[in-house]
Every structure is written in C-alpha cells, then in structure tokens.
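# Chain and residue survey
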Amino acid sequence: MTDPIDLLLWGAAPYVSLAVLAGGLVWRYRHDRFGWTSRSTQLYESRLLRVGSPLFHLGLLLVAGGHVLGLAVPKALTELAGVDEHTYHLVSLGMGTVAGLLTAAGLAVLLYRRLTVPRVRRATTLDDRLVYPVLGLVLLLGLTATIVDNGIGGGYDYRETVAPWLRHLFLLDPRPELMAGVPLDFRLHVLLAMVLFALVPFSRLVHAFSAPVHYLFRPYLVYRRRAPEVLGTRAQPRGWAP
Amino acid sequence: MRVMAQIAMVMNLDKCIGCHTCSVTCKQTWTNRSGVEYAWFNNVETRPGQGYPRRYEDQERWRGGWELDRRGRLRPRGGGRLRRLAGIFANPDLPGIDDYYEPWTYDYRTLTEAPLGEEPPVARPVSALTGAPADVSWGPNWDDDLGGAPGNEDLDPMAVRMRERVGRGIAYEFERSFMFYLPRICEHCLNPSCVASCPSGAMYKRVEDGIVLVDQDGCRGWRMCVSGCPYKKVYFNHRTGKAEKCTFCYPRIEAGEPTICSETCVGRLRYLGVLLYDADRVAEAASVPEEKDLYPAQLDLFLDPGDPGVAAAAERSGIGREWIEAARRSPVRDLIVRHRVALPLHPEYRTMPMVWYVPPLSPVVEAVAESGHDGEDAGNLFGAIDALRIPVDYLAELFTAGDPAPVEAALRRLAAMRSHMRSVNLGEDPDPEVPAAAGMDAAQVRDLYRLLALAKYEERYVIPTAGVGTAHDLESIATSCSLDTDGGPGMGGPGGAPLKPGATDLLTWSGDRPEGLFPPRRGGEGRSAR
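## Some points on the overall build of chain A
The helix and strand tally for chain A stands at eight helices and one strand. When the helices and strands of chain A are listed from N to C terminus, the series reads α-α-α-α-α-α-α-α-β. Per-residue burial over chain A gives 42% buried out of 242 residues. Just so you have it, chain A exposes about 13,400 Å², and 72% of that area is on carbon and sulfur atoms.

## Brief notes about the overall build of chain B
Helix and strand content of chain B: 24 helices and 14 strands. Across the 530 residues in chain B, those meeting the buried criterion constitute 54%. When contacts within chain B are restricted to residue pairs at least 6 apart in sequence, long-range pairs at least 24 apart make up 69% of them. Just so you have it, chain B exposes about 22,800 Å², and 51% of that area is on carbon and sulfur atoms.

## Description of the packing of helix α6 (residues 126-152) of chain A against helix α8 (residues 184-199) of chain A
Two packed helices can be described by the angle between their axes and the distance between those axes. Residue and element names in this part refer to chain A. The N-to-C vectors of α6 and α8 enclose an angle of 150°; their axes lie 9 Å apart at closest approach. The angle between the axes of α6 and α8 places the two elements in the roughly antiparallel class. In terms of crossing hand, the pair formed by α6 and α8 is left-handed. Counting all contacts with α6, which are made through Leu130, Val131, Val134, Leu135, Leu137, Val138, Leu141, Gly142, Thr144, Ala145 and Asp149, the residues of α8 involved are Asp185, Phe186, Leu188, His189, Leu192, Ala193, Val195, Leu196 and Leu199.

## Some details on the nonpolar core
Leu276(B), Phe302(B) and Ile336(B) are the most contacted members of the largest nonpolar core, which totals 158 residues. For this core, the element with the most residues is strand β1 (residues 3-12) of chain B, which contributes eight residues. The residues contacting Phe302(B), other than those within four sequence positions of it, are Leu190(B), Leu275(B), Leu276(B), Tyr277(B), Ile336(B), Val337(B), Met354(B) and Trp356(B). Counting residues in hydrophobic clusters, the runner-up holds 21 residues, among them Leu21(A), Leu49(A), Leu139(A) and Leu205(A).

## A closer look at helix α13 (residues 308-316) of chain B
Residue and element names in this part refer to chain B. Where α13 is concerned, the buried positions are Val310, Ala311, Ala313 and Ala314. Projected onto a plane normal to the axis of α13, the buried residues spread over an arc of 165° and lie on a single side. Residues of α13 that are exposed and point more than 90 degrees away from the buried face comprise Pro308 and Arg316. In this fold, the buried residues of α13 make contact with β1, β12 (270-278) and α14 (321-328). The N-capping residue of α13, defined by a side-chain oxygen 2.8 Å from the backbone nitrogen of Gly309, is Asp307. Once α13 finishes, Gly318 follows within two positions and takes phi at roughly 85°, a positive value.

## Re a negative patch on the surface
Residue and element names in this part refer to chain B. Together, Glu428, Asp429, Asp431 and Glu433 make up a negatively charged patch on the protein surface. With respect to the helices and strands, the residue Glu428 is situated in the loop between α19 (404-425) and α20 (433-437). When its relative accessible area of 45% is taken as the criterion, Glu428 is described as partly exposed.

## Thoughts on α19(B)
All names here are of chain B. A rise of 1.5 Å per residue sets the reference length of α19, with its 22 residues, at 32 Å; its end C-alpha atoms lie 31 Å apart and thus fit the reference within 8%. The opening residue of α19 is Asp403, an N-cap whose side-chain oxygen sits 3.3 Å from the backbone nitrogen of Ala405. Following α19 by one or two positions, Gly427 adopts a phi angle in the positive range, close to 75°.

## Observations regarding the pattern of salt bridges
Residues and elements named next belong to chain B. A full pass over the atoms with the stated rule returns 42 salt bridges over all chains. Linking Glu57 and Arg47 is a salt bridge whose minimum nitrogen-to-oxygen distance equals 2.7 Å. Note that Glu57 is positioned in the loop between β2 (43-47) and α2 (59-62) and Arg47 in strand β2, a separation of 10 residues in sequence. Comparing Glu57 with Arg47 shows no difference in burial state: the two are buried. A salt bridge links Arg450 to Glu459, with the shortest nitrogen-to-oxygen separation between them at 2.7 Å.

About the cut-offs
Residues numbered from 1 in each chain as written. Chains lettered and ligands numbered in written order. Predicted model: local features only at pLDDT ≥ 70, side-chain atom pairs only at ≥ 80, totals over all residues. Heavy atoms only, no water. Helix = DSSP H or I, 4+ residues; strand = E, 2+ residues; numbered from the N terminus. Buried < 20%, exposed > 50% of the residue type's maximum accessible area, 1.4 Å probe, protein only. Areas by Shrake-Rupley, 256 points an atom, 1.4 Å probe, with all protein chains shown as cover. Contact = heavy atoms within 4.5 Å. Axes fitted to C-alpha atoms, helices over the stretch in contact; angles between N-to-C directions. Parallel < 35°, antiparallel > 145°, perpendicular 65-115°, else oblique. Left-handed = near helix turned anticlockwise from the far one by under 90°. Core = buried A, V, L, I, M, F, W, Y, C linked by side-chain atoms within 4.5 Å. Arc of directions from axis to C-beta. Polar contact = N/O pair within 3.5 Å; in protein donor to acceptor, adjacent residues only side chain to side chain. Patch = residues over 30% accessible without salt bridge, like charges linked within 9 Å, V, L, I, M, F, W, Y side chains within 5 Å. Salt bridge = Lys/Arg side-chain N within 4 Å of Asp/Glu carboxyl O. Lys, Arg positive; Asp, Glu negative; His and termini not counted. Charge placed at Lys NZ, Arg CZ, Asp CG, Glu CD. Expected span 1.5 Å × (residues − 1).

Rendered as structure tokens:
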C-alpha cells in the first residue's frame, strides 16, 4: 500500500500539472492569441540581453535534450547500444553540469538585468514575478541534483527510479512507489517542475510553444486575402441577445 | 503574367512646408497609446539630416532590406532564414529605444495639486518608460529645420555617401545651404523585406490592394521585421510585445477614402491611386545587378491598364472592373509612368517601394533667385539644374541610388512647367521650345500643371472601394433609407444599423425587461415581466 501523500504527489499531481498545461494552452490559443508573445525587452536594453539571452535559451535547449535522453530512453536501450552505466554516468554528469551551468549563468545575467535596469524592471509583470523564482529554483535544484548527488555524492542512478516513474505516467500506469526512495533534491526538482509546467500557459513562457520552425520551409513573401466576412460589416451595437 | 493591384502614394516635395500635420493626425488616429509613444507611422524629417530613427539609412549598421548573394539571388541583408533563427534570442540589428528617443510625458498633477506658493507650479517631464524625472535631450524632429547646419556633416548617411561617390560634399555654410522636408510613411513595398524577415509569418501583403499589415494575433514578438525594414517603419510595441506599422489607413481605403495623412495634408501634396503590376516579375526586377537599374526595372513592372490584354489578364486574376477603371484614372500612375516626375525612395534597398516622391525644385529656384536672376526663366533654371550639382547629387542618393540623370530629367520637367505656365499666365506667347527641351509637349505640361498645381481633391485621390458589390453593407445609410431598418425610427425604434433580432438597444432602453432576458421557469410558462 502506497503512502497517500506519495500517491497524491507522484500519482495525481503530474496529471493535474499536465492537464493544466494542455488545457491552459488550448484556452490561451482560443481566447488570448493577442497576448501570446515573448514580450521582448530588447528595445529597452540590448548589451546585457545579448549575453544573457542566448546563453540561457541555448543552455535550456541542451538541458531539455538531456532530459529527453536521460528520461525517455530506457536503460536497457543504451546498454544494448554498448554504453555501459559508467560511461553513461560520466556523459550525463559532464553534459548536464555544463548545460545547467550555462543556463544558470544566462538566467543570472537576465535576472540581474531585470532588477537593475530601471526600464526593464518597470516592465516586469505579475506573472514574471511568479515565474522567475520558480524557474530559478527548478534550475538550481536540478543543478544541485546533478552536481551533488550525481557528482560529489558518487552517483545516483535516476534511470532506475525517476525515469521509469515518468515513462509509466505516460503509459497511464502510474507507479508512485518508485519515487518513494528518491533523494530529496530530485523530488523537489520534479515537484517544482510540475508547478512550472502549470504556469507556462499563463505566463510569457508560452512563447516556447510558438518556436517558428516553419520559417525554414516557407517562401519569403506572404500574401493573404482579406477575410470576406470582415469587409464593411458594422459592429453590432451593444444590446441583449436572447 | 500575374496582374496584381497596389494602392500607391506620391508626395510632391516642392509643396511640403514641414508643418507635421500628417504626423499629428496619424498619431491621433493610430498610435496615441502607451507602448507606441515613440512610434511615428508618419514622420517628417528635414533633409539633409539624420532622419528618424537616427541614421536609419546606414544599412551597414542596421542591415535592412535585401542584398544579392554570390549567385546573384535575393537574400535579406540581415541574413537568410537560418541566420535569422540563430539570432532570435537577441536580434543583433535591432535599434534601441535611444536610437529613437525615450518617450516622455509631463507631471501634470503638480499643476493642480501643488500647494499655494510664491512660484507658479511647473509640470516636469517624466519618462514614460520608468516614471522617473526625465532629462529630455533628444526627441522626434529634434533637428527639425537644421538641414544644412554646420556640425551635421557626418550625421546624414546619404550626405556622407554622396561625398564618397562624387568627391564633393554638401557645403555646410549658411549662405550655400539647402534643405527640404521628407514626409515618410511605410512604403508598402512590392518586395517587402519585413514580411520576408518575420519568422511567424504574421506579416503579409494583402492580395487585393497590396497593403502590408501585421496580424496582431499571429505576431509573437520576435522583432525581426523591425530590423528587416530598411526604412525602419515597423515599430515594436513595448507594452504588448507585438510589432505595429503604418496600415495605409486600410479601413478608410476600403471605404474609398484617402489615408488620414493625405486627407489632412494642408499642402495637398499627396496623391493616392491604383497601379497594376506584374507580380511574377517582381523578384526578377528586384535582383538586377546594378543598383542604378533598379528604378527603371521597377518602372518596367507597372502595366498599362489601357491595354486590353492587361485589362483581360487583370480580370482573370480577380481584379474588379472598378479597380481597372481606377487604375486608368490613377494620378499616381500619371506622375510615375506618364510624366516621369515621381521617383522611388531608396530603390537600392531592393524592396520595390511604393510611396514615390516628386523631387523638390525649390532648392534650385532659390539658388537662382538669390543670385539675382529670374528664378522662373527656363534657361536660367535648366542651366542651374546642370550647374548646381549638389542638390541634384544629394537627391540622387535618396531617389535613384546615385544616378543623377532621372532626377535631372524630373527637375527639368518641373522647371519647364513653371516657365511655360508663367508665360501663359502673363499672356505671353509660350515658347514651344521650353517643354520640348524637357521632352514634353504643351498639352502634357498643362496636364502636369493641373495635377500638381491645381490638385483637385477628386483628382488627387482616385480610390476604388474595397468591394462595390458589398457597398450596400458598407454604408447602409448611403444606399438605403435609414428609416427602413427593422425597428427603425418609423417603427418606433432606434435608427442606424439594425440590431440582432430580439436584442435591445441600451441607448433607448425604457427600463422594461425584454422578453427572453431570463430563461423560462421550469415546469411553468415563461415569466414575462412586462
């Protein structure tokens, strides 16, 4: 019998987080496409941004790639490919540390910029104030888990616990008991990540879902026709519709 | 051949007095909101001068427009698709707010809330970005009217380039200076590089009238269009995080009305009309190797709507008869193609701009008149155009990628018109040699005079409505009796546009609960509270 708290945190919460993420994205797309933007502040300040922003974003892409490799690919598969546990551990530790540090350095520059440049500071909204601490904490906890548990602590094989737990979530066969013995920093990292995912649709982080990859495949010039129904129709005066 | 229609504008620079009415009415119409305080869809800059934003014409720095790659194909100057995406996290070519100016407002509250004292209260300027007291040291048109002032030698990129090209610069001396005003809006290019730069595909050129617009729901704030536009006429709204630009007042154009900048221009120097062009040859024309050939190449794109073959092809591409008829009467076509007095702004950007300019003859006339000669005598003027190389070479940097010949030819036509019409007005016998020297005949001169000097409203603006077929819906009052509407005044209800059936107009609501405001009671009859 699983501890009810474990069941809640590792069996129910992930689905709530994903549901909020998916539902929130659909809601935002249908009702607030105008608000769907990266809300860049480059117009205010460029010098720090040109250091921090590429560092943070490219680092984050590496981090995301590392998570896919570490969590989605089963241990059996890498061993089948001839990568033993020790090699995998070294690669994951090395790459993870580098990517994490790059991202953290980028975020540090960006946060410094946001706090110290008056124009940028003034343009900070409520959702920014909520998202930046969560994002920073998730990043720091992940970095701690990598460096402290995986490096200094000699190595923790999350591919025996966290990875199968996550895969089973997607197979709609939750196994909360897998997370019971995982070190605290890993568990906090995962928990806060769930919070972060739930915040994505309601913050500027949505811009990640509009990465303009199709730009590479479209012709330079875009022509569009005027929407025929829009032409010249007057807006209805305000009134009650039955 | 794929015929497309474009609403284009021509501005007659000789008549611009730099009053900025166009800028002000444009701002009141489109950008009097926070986030776009610094955006001037229409601005008027003094030339020679830096322009707005500062030194926007320096494409070595801002990398707007197109260039030819090694194989002679068009590529955005800021880089192709991969380069753009690589720079998406921090655009290397984006002007900062200080290249425009830091917008400011005034602390008006002090005026009413300051305690009684010896000194009258003063509203101090405060930054619209930070709210802190602002030290206003730059703004739009800070260098207004300072065209030929000494100390500005190296600030105008075009003056610098002219000095490099012809080995002679503008004399920045008071006695020998010249200046004119250049009103600028979005060029609504045939080959828009802002559209090509947009990673989201949110910017587009409208098929029906060629107006270039930003889809506000599609824009994701990647700000590549701002740096892609060589004219710097796309602005980033720093509150909404979306790009905004001159809309060519499309709601007015659709209804057959001129843009607000044209409508309110006190000098009546703007012309609006339709041009038909061959969309299939745009890329070819924009990629001619020599920059000086870009102006003739663009002229060559325009089709003659009087040609039955063109008219038939236009109808096949879905262009209505009203539009073809408007293209035949287009004042813009007359100035650009027939009289050849209008020239494009910076054809060397290879965007095929569609707001053209009649170059100013006044610097030349002034110079002749100041030297004690008759400034309207054709011989003096023709001679001066040849002799006064400096204004001509400078104008050539703006309008023809440095080729003085088309500028000279346009100025000679304007000079011939002045001289000829003066003879007519003084009751003299006009010398037929004068128009002939500019390659025109007397009838053509009179035509040009009517268009440029008399400039009747309905001859300056020939704008077909967006859909004559739907004109009835466009303005129901104009085409039907306003009393006829369902529930109209004749029926004891409000006038104007009809309400949805069952809806109540709040303006004339008597306070009764309308039928259907509350759902019917379950089990019983619908409650009626009349």
